[in-house]
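For reference, the chains in residue letters:
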Amino acid sequence: MNTTFPQHAAHVSVHQLADAIHATVQGPTDVLISGISQLDHAMGSDLSFVLKPTFHAAAKLSQAGAFVVGQPIPDEPRPQLIVPHPLIAIATLAQRFFAPPLPPRGIHPSAILGVEGRIGPEASIGALVTIGDRVQIGARATIYANVHIGNDVIIGDDCTLYPQVSVLDRCVLGNRVILHSGTVIGSDGFGYTQLDSRHHKILQLGNVFLEDDVELGANVTVDRGTFGSTRIKRGTKVDNQVQIAHNVVIGEDCILVAQVGIAGSTTLGNNVMIGGQAGLVDHITVGDNVRIAAGSGVTNDVSPGFIVGGRPAVDHATWRKSQVIQYQLPELRKEILSLRKRIALLESRLTETHDSP
Amino acid sequence: MNTTFPQHAAHVSVHQLADAIHATVQGPTDVLISGISQLDHAMGSDLSFVLKPTFHAAAKLSQAGAFVVGQPIPDEPRPQLIVPHPLIAIATLAQRFFAPPLPPRGIHPSAILGVEGRIGPEASIGALVTIGDRVQIGARATIYANVHIGNDVIIGDDCTLYPQVSVLDRCVLGNRVILHSGTVIGSDGFGYTQLDSRHHKILQLGNVFLEDDVELGANVTVDRGTFGSTRIKRGTKVDNQVQIAHNVVIGEDCILVAQVGIAGSTTLGNNVMIGGQAGLVDHITVGDNVRIAAGSGVTNDVSPGFIVGGRPAVDHATWRKSQVIQYQLPELRKEILSLRKRIALLESRLTETHDSP
Amino acid sequence: MNTTFPQHAAHVSVHQLADAIHATVQGPTDVLISGISQLDHAMGSDLSFVLKPTFHAAAKLSQAGAFVVGQPIPDEPRPQLIVPHPLIAIATLAQRFFAPPLPPRGIHPSAILGVEGRIGPEASIGALVTIGDRVQIGARATIYANVHIGNDVIIGDDCTLYPQVSVLDRCVLGNRVILHSGTVIGSDGFGYTQLDSRHHKILQLGNVFLEDDVELGANVTVDRGTFGSTRIKRGTKVDNQVQIAHNVVIGEDCILVAQVGIAGSTTLGNNVMIGGQAGLVDHITVGDNVRIAAGSGVTNDVSPGFIVGGRPAVDHATWRKSQVIQYQLPELRKEILSLRKRIALLESRLTETHDSP
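Residues numbered from 1 in each chain as written. Chains lettered and ligands numbered in written order. Predicted model: local features only at pLDDT ≥ 70, side-chain atom pairs only at ≥ 80, totals over all residues.

Asker: What exactly am I supposed to notice about the interface of chain A and chain C here?
Answerer: Often, the extent of an interface is quoted as the loss of accessible area on bringing the components together. Counting residues at the interface gives 58 residues for chain A and 61 residues for chain C. Contributing elements (two or more residues each) for the side of chain A that touches chain C: α3 (86-97), α4 (316-326) and α5 (329-355) of chain A. Per-element tally for the side of chain A that touches chain C: the top contributor is α5(A), with 12 residues. Looking at the side of chain A that touches chain C residue by residue, the classes come out as 26 nonpolar, 25 polar and 7 charged. (Contact = placed C-beta atoms within 7 Å. Helix = DSSP H or I, 4+ residues; strand = E, 2+ residues; numbered from the N terminus. Nonpolar A, V, L, I, M, F, W, Y, C, P; charged D, E, K, R; others polar.)

Asker: Looking at this model, I keep getting lost on the relation of the copies chain B and chain A. Mind explaining?
Answerer: The operation relating the two chain copies consists of a rotation about an axis and a shift along that axis. Mapping chain B onto chain A calls for a rotation angle of 120° and an axial translation of 0.0 Å; the resulting RMSD is 0.1 Å. Both copies of the chain, as the preceding transformation shows, are related through a three-fold rotation axis. (Least-squares fit on C-alpha atoms with pLDDT ≥ 70 in both.)

Asker: Is there a simple way to think about the sheet that holds strand β34 (residues 273-274) of chain B in this case?
Answerer: The pairing of strands in a sheet comes from backbone hydrogen bonds and takes either a parallel or an antiparallel form. Residues and elements named next belong to chain B. Strand order in the open sheet made by the 12 strands is β8-β11-β14-β17-β20-β25-β28-β31-β34-β37-β39-β40, with mixed pairing throughout. Two strands lie at the open edges of the sheet, namely β8 (106-107) and β40 (314-315), each paired on one side alone. Summarising the sheet, strand β20 (residues 178-179) and strand β25 (residues 215-216) pair through 2 bridges and their orientation is parallel. Each bridged residue has a counterpart across the sheet, and for Ile178 the counterpart in β25 is Glu215. (Pairing = 2+ DSSP bridges.)

Asker: Looking at this model, I keep getting lost on the environment of C:Cys159. Mind explaining?
Answerer: All names here are of chain C. Topologically, Cys159 is positioned in the loop between β16 (154-155) and β17 (160-161). Considered as a pair, Cys159 and Glu215 are 56 residues apart in the sequence and their alpha carbons are 9.6 Å apart. What Cys159 contacts, discounting residues up to four positions off in sequence, is Gly138, Ala141, Leu173, Asn175, Arg176 and Val177.

Asker: Teacher, can you tell me more about the interface of chain B and chain A here?
Answerer: With 58 residues of chain B at the interface, the matching set in chain A holds 61 residues. Those elements that provide at least two residues to the side of chain B that touches chain A are α3 (86-97), α4 (316-326) and α5 (329-355) of chain B. For the side of chain B that touches chain A, the element with the most residues is α5(B), which contributes 12 residues. Tallied by class, the residues present in the side of chain B that touches chain A amount to 26 nonpolar, 25 polar and 7 charged.

Asker: Sorry, what's going on with the packing of helix α1 (residues 14-21) of chain A against α3(A) here?
Answerer: When two helices pack together, their arrangement is given by the angle between their axes and by how far apart the axes lie. Residue and element names in this part refer to chain A. α3 packs onto α1 with a crossing angle of 115° between their chain directions and a minimal axis gap of 10 Å. α3 is crossed by α1, and the crossing has right-handed handedness. Residues Leu17, Ala20 and Ile21 of α1 lie in contact with α3, whose contacting residues are Ala89, Thr92, Leu93 and Arg96. (Axes fitted to C-alpha atoms, helices over the stretch in contact; angles between N-to-C directions. Left-handed = near helix turned anticlockwise from the far one by under 90°.)

Asker: Looking at this structure, how should I read unusual backbone geometry?
Answerer: Among all residues except glycine, the phi angle is most often negative; among peptide bonds, the trans geometry is most common. Note that the residue after B:Arg311, namely B:Pro312, is joined by a cis bond; omega there is -5°. With respect to the secondary-structure elements, B:Pro312 resides in the loop between β39 (307-309) and β40. Even without being a glycine, B:Leu128 presents a positive backbone phi close to 60°. Take B:Leu128: there are 26 C-beta atoms within 10 Å of it, and that puts it in the buried class. The phi dihedral of C:His283 is positive, around 60°, even though this residue is not glycine. By secondary structure assignment, the location of C:His283 is in the loop between β35 (279-280) and β36 (285-286). Its 12 C-beta neighbours within 10 Å are what place C:His283 among the exposed residues. (Buried ≥ 20, exposed ≤ 12 C-beta atoms within 10 Å, placed from the backbone.)

Asker: What exactly am I supposed to notice about the pairing of strand β23 (residues 198-201) of chain B here?
Answerer: Residue and element names in this part refer to chain B. Looking at chain direction, strand β22 (residues 192-195) and β23 are connected through 4 bridges and run antiparallel. When the bridges of β23 are listed, Tyr192 appears paired with Lys201. What sits between the antiparallel neighbours β22 and β23 is a turn of 2 residues, in which Asp196 has the positive phi angle 55°.

Asker: In this structure, what is going on with the environment of B:Leu339? I would like to understand it.
Answerer: One can find B:Leu339 in helix α5. A sequence separation of 305 residues divides B:Leu339 from B:Ser34, and the C-alpha atoms of the two residues are 71 Å apart. Each residue touching B:Leu339, except ones within four places of it in the same chain, is listed here: A:Leu339, C:Leu339, C:Arg340 and C:Ile343.

Asker: How should I be thinking about α4(B) in this particular structure?
Answerer: In an α-helix, one full turn covers 3.6 residues, which means residues spaced three or four apart are oriented alike. Residues and elements named next belong to chain B. Every buried residue of α4 is accounted for by Trp319, Ser322 and Gln326. The arc enclosing the buried residues of α4, seen along the axis, measures out at 75°, which places them on a common side. Projecting away from the buried face of α4 at angles above 90 degrees are the exposed residues Ala317 and Val324. (Arc of directions from axis to C-beta.)

Okay, structure coming up:
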């Protein structure tokens, strides 16, 4: 089976690349580049990048045709594009020259659209998409195949919804929101009231509001508010398989790594970072700039700027110390047993001392 | 971008609302209500609710047009509907007056149906639904767009399957079952047998049986039995992203919070509650009325009525005590070092004492 | 509601079954069997199996019509098929005689296919499948309803993609790959670069490569490489709701149990086993034949052959010991307090001793 494929048709000169990122070039500028790759996989037509001088040796061994670097690689004849922030430069070049082509604009004839909707100019609605009634979709939005959009949904400009996404009734997306495959926006919150030892559903009448520049990974779930909105604010990025319960509010520019779970009505400030598989209980408040270690269980409010870890989460220094000592416990227990023996011996000797004279 | 939308067309008088929940009304009864909201988001046309007298101050500040209360708010001129259980009353009113309209009844022309099926009266089959052969769907069931139902599936009356759900071959759903988007019923159990250091698949020939009134959140996975059924019994409610392995049996009226994982052939009694992100190993038995703390790792049987927590899970009191002490470990270690020094000093003094006379 | 259904039409004689697994038969060979079941659910037309002599009593009580056994059940008149590895024999029989029928071959008229694709002989493309441009699908592949396959995807022979799977642009599947419902192959890696305290997306230009005989459970997510491939090697089996980040490499014949998460660029050797809900940080290397306990948090490289557990993961023996002692901490603390008192008493007595003479 042939597993190669034409990744990019484009050929761009080093000169053009350098222009786009305002780089100083060392070496020839007429080399043609057709892709970006990491050092160890790059071929002669690839641009690669060196984030730190410690990778200079790897760069020498790489087959790459040119490099983006922070500091020049010594004695390197191949073209080097020197910039202050190589990773940002690479991100810029990837977006500008090597982005895969967008799907065709317009509405695929197999899509099923409801009534009274409005679709902006240059939007793309893929095959077998289902869209409810009174839906607004902004300019240049890309809705891939097999997506479902419910009634009364509003989707801003330049959004991207990957295949198999569901955005359910009355949810609202700002501009440039990206939702990866299998993600569900607006499932019911987990709300019941108990009567006669049975669970009775509380209808979930609210919605979800995702502000501008929010990106959610694959198979994420965001429940609608019971009343009011579950809200994720501008610029927050969420990794795969994260669970966000009803009426949670997440601030701006947060980072939630994969498999995090946030229980109902919990509120996060801005610039919060949460490591993978951490869990936050319901109805707590996490301040701005808080960092929560991977795998933590947060059971209380966290003040702005704190770094916390552990189950239950405590301040980072306390958690780290106790983490180390947990594995010394067998030694500590031995030590205690040894001390007990020495004390018993002292006690008996002292009794002798008392008795002997 | 305009992000408002008409949530409910209905206008209901306080008199009608009070009638439906057998409430005593204090204040005017002719006020018209068009929605339900929490105190801090309510507008003048909204009904809100006060679960405890501690929220009376917040109620005074709320813009709500009327309140459901357990105890009357003092000096409040707006209508108050007094009931013994405000949350149950609100749930009842939400369901009765403010539920979003159901999708149109009947079969969308774009749905693909197999042969020899039977669809009950007043059912709704949405756009681009795929249904296998010999499928039975009960009366008034609502199957949303993009759902897949396999061959020989049986779905009871009044079930709701949200967009992008899969119910695979031969699985059975009782009445009033609700499955949220992205949930998969009847994926293969994770069963292999090892031979020559390779893993050989054991065909998973069983099915899944979800009894009456079961509700599963979004992106839940329930594997089919290897042979026989994986079964979730009447009234159990499961939150988003829960994983239920092959041949698990879950009792009646259980609550499983988000991201819980239950390994193969484990059995739960009735009224079990499991906190978020807890994991249960395979082939254990958990008794009736057990409560398992969030994040626990249950590795052994749990007797009925026990409350357990921790990794590995132990009884609640033991777990809580050791949780507190884990963060005092650095202090305890210092204490031990200090005791060792004092003992050494005692030992040398005692030797002096012995030697001195 | 009638919840029975015809699972298998086939009737096979004990003689035929024994032939297929080279079994020695004790008892009659003309009994007809129509299914396989576990001991406690088997009916008279079912074959069941006994993995250990400890289940002989249960076998006597079972209604099964015949048994596959390692050692014969004493005084049992029903037919017994004696083989060295009963579970492997059952897996073989299930596959050979009792596998559910495959979906019809060919392309369902409602499927939407792109241009320049190639579909192998005897493949099955289900209802409402969407397939991008330049896609290659191998012989005898089964693509169930509502699957999405992106542009430039390559799928080998004999693959099975269950309903609602997404395989996104440029990803590659070997032969006999199985993907369960809701699984996403090729979502974007979680890669951003920070500038002016905002997160800027790094385009994810790589792909995912799943080698021969890989099986992924339901609602699994595998991100594409930033550049280059995320790769899962031959024969590895992955359970439901596992998250595999960009540029991860997983060796051959590994087992990853449900809800495991592996962060970016981490590399696993061959025959690695990871228990449920474990998490691995980014950029670490795990050697061949490593076993990682359920719920562990692996934060460092693990040498080949090691067994590790805990958060952070350490060698198995250390982890187990400290796990036991964590719950003895309240006792240890009491012991320390008691020792402190005894030391204080000794100190005062010794002072008396010194002073008294």
